[in-house]
Amino acid sequence: MLLIDCPFCGPRAEIEFRCGGESHIQRPGPHTEVSDAEWADYLYNRENPKGEHRERWFHAAGCRRWFNAARDTVTHRFRVTYKMGEACPEAGESAVSEAAPGAVAGGVI
Amino acid sequence: MTRRYSALSLLREGLNGQRGWEPAWRDPAPKTRYDAIVIGGGGHGLATAYYLAKNHGLTNVALIERGWIGGGNTGRNTTIIRSNYFFPESAAFYEFSVQLYEKLSDELNYNIMFSQRGMWTLAHDRHGLEMARRSANAMLLNGIDAEFHDGPSVYAHIPGLNPDPRFPILGGVNQPRGGSARHDAVAWGYARAASALGVDIIQNCEVQDFLIEGGQVRGVETSHGTMRSDRVGMAVAGHSSVLAAKAGLRLPVSSYALQAFVSEPVKPCLDTVILSPATGTYLSQSDKGELVLGAGLDLYLSYAQRGNLPWMERAAAGVLELFPQFSRMRFLRQWAGIVDVVHDSTPIIGPTAVGGLYINCGWGTGGFKAIPAGGWCLAHVMATGRSHPLADAFGIERFTTGALIDEASASGIAH
Ligand SMILES: Cc1cc2nc3c(=O)[nH]c(=O)nc-3n(C[C@H](O)[C@H](O)[C@H](O)COP(=O)(O)OP(=O)(O)OC[C@H]3O[C@@H](n4cnc5c(N)ncnc54)[C@H](O)[C@@H]3O)c2cc1C
Ligand SMILES: [Zn+2]
């Protein structure tokens, strides 16, 4: 069971959240210049890494806001959560989750 | 020495103190060059190796497995076999697979315990009922056995179903030729038969990189050294993206944990396979007496081969909705496999952008039933360079052309 640190509400149980998949995917454009291959890559191909993954989460049964997270797909440990539209903080940088000071970076329990 | 399994060999070895059995497959040292290399010792890889030798006469073949054969999803699945798909492409492919399964124990001289005990999909509301009728009609049009049953008929056929469930059982579709088989036996049977034809089964050997020259594959780098071959097939399920990335390829695959459970063993009480999409349940009873049930996907990427509690709870709740009398049974074991999910729930079988490198993946939650056909078709394209007619529509180019085969919505099947 995961304890996920919502940047707005603090640590909450995994069942309150939904994962929205890979973050930072940019829609290619202008559309008149996008090849079928680029479009397919945008729509369907995914990083799917074994290790750290940057992904979107939705606090569905809480504040109902979206945020980003960097999570390890092997340990399931959340390294950091950060707001939509922001770049992912590198390891060592502090998290953006100021709404929940002192909250643990969500871990596996 | 006992090579062939039979009632007579059992008797003979019984009298002989069981001293004459041989290991079921050889444990050879890897060679440096092969005519074909298959990566992944799950059912699909093993079946591919077997059919390369059997159907195409290629016997200088290596099957390379990182751990032990059958240790991936093949040995972790709930073993439901069926062909109740919607689109003609899928129906033809999965039906071919069921037909191969029907003959597989004989073909491999290995009892895979395929038990065609029927496979029921239950409907709990009006929409489910409409879906069930549509599904039964589609199956019949595709030439596949299917029976639509109304509620009372479902109850007459499946003893013990909750007479007063919260989600009423209004009807269902049965595929009488569906059922289950012994997963380990499928892996071991193919391994033994492939090995007997000359295939080298190399376990505890990880493929770490590809040798690629001018866009053409020339071999693989493994934890046991370099092995050369101009023909390489990969069937590594949940690790497809990770391995394909070594060849510079990006795939439309997401890897998720899918979990399953068995209960403590009890006397026979359920003689068919039940799928109830609305309650998220699939359930059968093993020959040992354990109830075998599976959960839904844990819907975030995972390579952890363990499932999480909320889905375990949901699966148990679904079973109790159908069979409240199981409430005091205990889970004996829980585990998960990492499944390779693609957007349209249709497999990928065929060539890649790297010459000589072929791929078999995208089975998601339902590739056990497809093992014979998946191996057959990957072997075909590896040996001949041409797609097998049954797998023509399953090429990776469909994600570029847009010709997806969306079984996820068409047959509404999770597993
Ligand atoms: C809980 C659960 C329930 C399921 N229920 C059903 C069901 O009822 N019916 C059904 O039809 N399907 C079901 N499935 C799906 C089915 O199990 C899979 O689709 C099928 O077994 C896939 O077979 P495979 O050979 O492709 O993969 P696997 O059996 O996973 O084999 C892949 C192999 O590749 C190896 N490998 C990976 N990377 C490397 C590398 N770099 N070098 C060498 N080897 C490598 C792995 O170790 C593994 O052994 C279920 C799956 C799960 C997890
Ligand atoms: Zn929140």
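Preceding block: the structure.
Description of the structure in this document. Given the structure is predicted, the values throughout are model-derived calculations rather than measurements. (Residues numbered from 1 in each chain as written. Chains lettered and ligands numbered in written order. Predicted model: local features only at pLDDT ≥ 70, side-chain atom pairs only at ≥ 80, totals over all residues. Heavy atoms only, no water.)

### Considering the coordination of the zinc ion (ligand 2)
Each pair of donors in an ideal octahedron of six around a metal sits at 90 or 180 degrees, and each pair in an ideal tetrahedron of four sits at 109.5 degrees. All names here are of chain A. Coordination of the zinc ion (ligand 2) by the protein comes from Cys-6 (SG), Cys-9 (SG), His-59 (ND1) and Cys-63 (SG), over a distance range of 2.0 to 2.3 Å. Taken together, the four donor atoms surrounding the zinc ion (ligand 2) define angles of 103 to 118 degrees at the centre, an arrangement classified as tetrahedral. Mapped onto the sequence, the donors of the zinc ion (ligand 2) take the spacing C-x2-C-x49-H-x3-C. On the criterion of sequence distance, the pair formed by Cys-9 in the loop between strand 1 (3-6) and strand 2 (10-13) and Cys-63 in the loop between strand 4 (52-58) and strand 5 (66-72) is long-range, its members being 54 residues apart. (Donors = N, O, S within 2.8 Å, 3.2 Å for Na, K, Ca; no water. Tetrahedral: all angles 85-135°; square planar, octahedral: opposite > 155°, others 65-115°. Helix = DSSP H or I, 4+ residues; strand = E, 2+ residues; numbered from the N terminus.)

### Regarding the nonpolar core
Residues Phe-93, Tyr-101 and Tyr-190 of chain B are the most contacted members of the largest nonpolar core, which totals 51 residues. Within the residue set of this core, elements represented by two or more residues are strand 1 (36-39), helix 2 (43-56), strand 2 (61-64), helix 3 (88-108), helix 6 (183-196) and helix 9 (371-384) of chain B. Among the elements that make up this core, the one with the highest residue count is helix 3 of chain B (eight residues). Look past the residues within four positions of Tyr-101 of chain B in its chain and what remains in contact with it is Ile-81, Ile-112, Phe-114, Val-186, Phe-368, Lys-369, Ile-371 and Pro-372 of chain B. With 31 residues, the next largest nonpolar core counts Phe-17 and Phe-67 of chain A together with Leu-161 and Phe-261 of chain B among its residues. (Core = buried A, V, L, I, M, F, W, Y, C linked by side-chain atoms within 4.5 Å. Buried < 20%, exposed > 50% of the residue type's maximum accessible area, 1.4 Å probe, protein only. Contact = heavy atoms within 4.5 Å.)

### Topic: the sheet that holds strand 5 of chain A
Residue and element names in this part refer to chain A. Overall, antiparallel pairing links the four strands, which are arranged 3-4-5-6 in an open sheet. Since the sheet does not close on itself, it has two edges, and those belong to strand 3 (18-22) and strand 6 (78-82), each with one partner. Ignoring strand direction, the axes of neighbouring strands in this sheet form an average angle of 30 degrees. Across seven bridges, the pairing between strand 4 and strand 5 is antiparallel. (Pairing = 2+ DSSP bridges. Axes fitted to C-alpha atoms, helices over the stretch in contact; angles between N-to-C directions.)

### Brief notes about helix 9 of chain B
All names here are of chain B. Relative to the 20 Å expected for 14 residues at 1.5 Å per residue, helix 9 spans 20 Å between its end C-alpha atoms, a close match to the ideal helical length. The buried count for helix 9 comes to 11 of 14 residues, which makes it a mostly enclosed element. Of the positions making up helix 9, those classed as buried are Ile-371, Pro-372, Ala-373, Gly-374, Gly-375, Cys-377, Leu-378, Ala-379, His-380, Val-381 and Met-382. Remark: Gly-385 follows helix 9 within two positions and exhibits a positive phi of approximately 80 degrees. (Expected span 1.5 Å × (residues − 1).)

As far as function goes, none of this settles anything; it's purely spatial.
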